[in-house]
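# Examining the three-dimensional arrangement
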Amino acid sequence: MNTDYTEALAHVSTASRPSELRITDMKVADIVGAPMHCIMLKIETNQGITGYGEVRDAAYRDYALMLKSRLLGENPCEIDRIFRKIKQLGTHARGAGGVSGVEIALWDIAAKAYGVPIYQMLGGKHRDKVRVYCDTDIDGKPDGKRMGEALQARLDAGFTFLKMDLGIGLLRDVPGALCAPLGFLEEWQKGGGWAGYDGTIEERHEFHKRVQLQSIEHPYTGIQLTEKGLDWMEQYCADVRSVIGCDVPLAIDHLGHIGLTEAIKLGRRIEKYNIAWMEDAVPWMYTDQYKLLQQSVAIPICTGEDIYLHDNFKPLLESGGVSVIHPDILTVGGISELKKTADLADEYHVAMAIHMAETPIAALASAHVGIASANLLAQEFHSFDVPWWNDLVTGPAKPIVDHGFITLSDAPGLGIDELNDEVIAEHLHPAVPGIWESTDEWNTRYVHDRIWS
């Protein structure tokens with residue numbers, strides 16, 4: 001009997017033994033133009049199961065690689081225990097990219113090991129497909145009619161929810177539209193960029209000063225909207241609505257670094273245009289200001305893409321300062337934390353829109369949570385105009401975003417069979433051109449992580 005059992009077991013895939021899974025390696029590849037700089041990662045195991053994850057756009061691969069020594073030899077199915085070990089090494093915004101990307105890859109492995117899609121492990125579907133809203137930009141001089149035409153093209157492609165930028169950046173060349181300390185706007189508009197800068201020490205010193213200008217929090221810039229500026233932005237919304245009509249939701253983002261009073265003034269001016277939500281009007285940690293803003297305008301208020309861990313959404317939810325939360329799966333902590341965030345918001349009767357600006361890995365991971373969450377409103381999509389975006393992965397039905405929706409299959413894990421190395425190789429980041437190169441130098445980089453004695 002034992003001999004028969006052993007012989008039978010020899011014909012069973014070892015990938016069906018989750019308790020014996022072990023992490024053996026982690027590798028990364030950086031691409032550009034997707035449309036962002038994206039860092040794709042894969043975690044390999046002793047049973048041939050590979051899990052895919054991603055570090056948030058405009059972050060850095062080291063955020064994930066520094067976790068490698070803490071992962072080798074672990075059972076990837078023990079997601080919660082591993083996350084509790086590494087979560088202290090993440091922080092808000094891009095600093096959570098490594099922890100979040102690794103956590104997604106662990107979910108992908110575990111679900112593949114058990115042969116089920118991730119959404120099933122989260123409790124199953126609340127809907128058959130995930131609504132996607134298409135963020136839309138235009139080049140050249142700001143023009144409401146042209147923006148309306150660009151948004152109409154999204155509608156013609158099947159999208160049922162839209163978003164555009166509406167902020168002080170549109171007013172840079174409109175004389176008399178903005179009021180600020182003389183000379184500040186000129187310095188502020190020089191910008192500084194955020195990555196890939198090189199130069200002499202003095203050049204770097206000047207660069208840091210320019211970046212610092214971009215990092216001044218909203219109440220401290222002194223920038224105000226004049227009546228002319230408010231008139232211009234109101235007309236911009238009117239021109240957009242004249243093209244797309246008033247029966248499709250239209251959210252707004254990138255207001256710029258203006259204070260609470262200016263956000264209230266703008267919100268009251270554009271209420272009549274049925275704005276789906278006003279996003280990131282002030283920094284997310286300004287809980288009292290969000291409460292006042294939501295009480296002052298008849299527009300749903302939204303924030304959250306830079307918040308790490310679900311419990312950090314609680315002050316905003318308890319205050320009543322938001323009508324829509326907007327977590328990013330690559331910042332909030334991954335799949336478990338995104339689901340916990342959705343469920344927490346549901347307790348306060350607040351909808352969730354998912355921020356997403358990366359590759360199909362993040363798009364599908366977000367969709368698995370979205371399809372399993374009762375309060376999902378829509379998920380973001382930035383890559384409609386990137387012709388090779390769908391080709392980064394094999395497995396899902398193409399296009400992944402089809403007529404404004406993502407439909408998930410019953411395939412295990414994320415639903416990705418493989419990453420397409422040929423496509424990745426064509427779009428590698430010039431500063432980090434290697435693809436899935438050895439990361440063995442990270443195998444033994446370890447410190448005493450415990451935060452208590």
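Here, the structure is the one placed above.
Now for a description of the structure that goes with this document.

Reading the values: the criteria
- Residues numbered from 1 in each chain as written.
- Predicted model: local features only at pLDDT ≥ 70, side-chain atom pairs only at ≥ 80, totals over all residues.
- Heavy atoms only, no water.
- Core = buried A, V, L, I, M, F, W, Y, C linked by side-chain atoms within 4.5 Å.
- Buried < 20%, exposed > 50% of the residue type's maximum accessible area, 1.4 Å probe, protein only.
- Helix = DSSP H or I, 4+ residues; strand = E, 2+ residues; numbered from the N terminus.
- Contact = heavy atoms within 4.5 Å.
- Phe/Tyr/Trp six-rings, centres within 6.5 Å; stacked < 30°, edge-to-face > 60°.
- Lys NZ or Arg CZ within 6 Å of the ring centre and 35° of its normal.
- Right-handed = clockwise from strand over helix to strand, strands pointing away.

We now examine the nonpolar core. If you look at the biggest cluster of nonpolar residues, it comprises 139 residues, and the most contacted ones within it are Ile 43 and Met 164. Sorting elements by how many residues they give to this core places helix 5 (residues 97-114) first, with 10 residues. If near-sequence neighbours (up to four positions away) are discounted, Met 164 is found in contact with Asp 135, Thr 136, Met 147, Leu 151, Tyr 236, Cys 237, Val 240, Leu 250, Ala 251, Ile 252 and Asp 253. Core analysis: the second largest hydrophobic core is formed by 9 residues, Tyr 133, Phe 161, Trp 277 and Cys 302 among them.

Applying the stated criterion across every chain yields a total of 6 aromatic pairs. Judged by centre distance (6.0 Å) and plane angle (50 degrees), the ring pair of Tyr 133 and Phe 161 falls under tilted. Of this pair, Tyr 133 sits in strand 4 (residues 130-136) while Phe 161 sits in the loop between helix 7 (144-156) and strand 5 (162-165), and the two are 28 residues apart along the sequence. With a relative accessible area of 6%, Phe 161 lands in the buried category. Sitting over the face of the ring of Trp 436, Lys 42 holds its NZ or CZ atom 4.4 Å from the ring centroid. Directly above the ring of Trp 452 sits Arg 450, whose terminal nitrogen or CZ lies 4.5 Å from the centroid.

The next thing to look at is the pairing of strand 5. A two-sided burial pattern is seen for strand 5, the buried positions comprising Leu 162 and Met 164 on one face and Lys 163 and Asp 165 on the other. Each parallel crossover has a hand, and for strand 4 linked through helix 7 to strand 5 it is right-handed.

Limitation: the analysis is restricted to geometry and does not speak to function.
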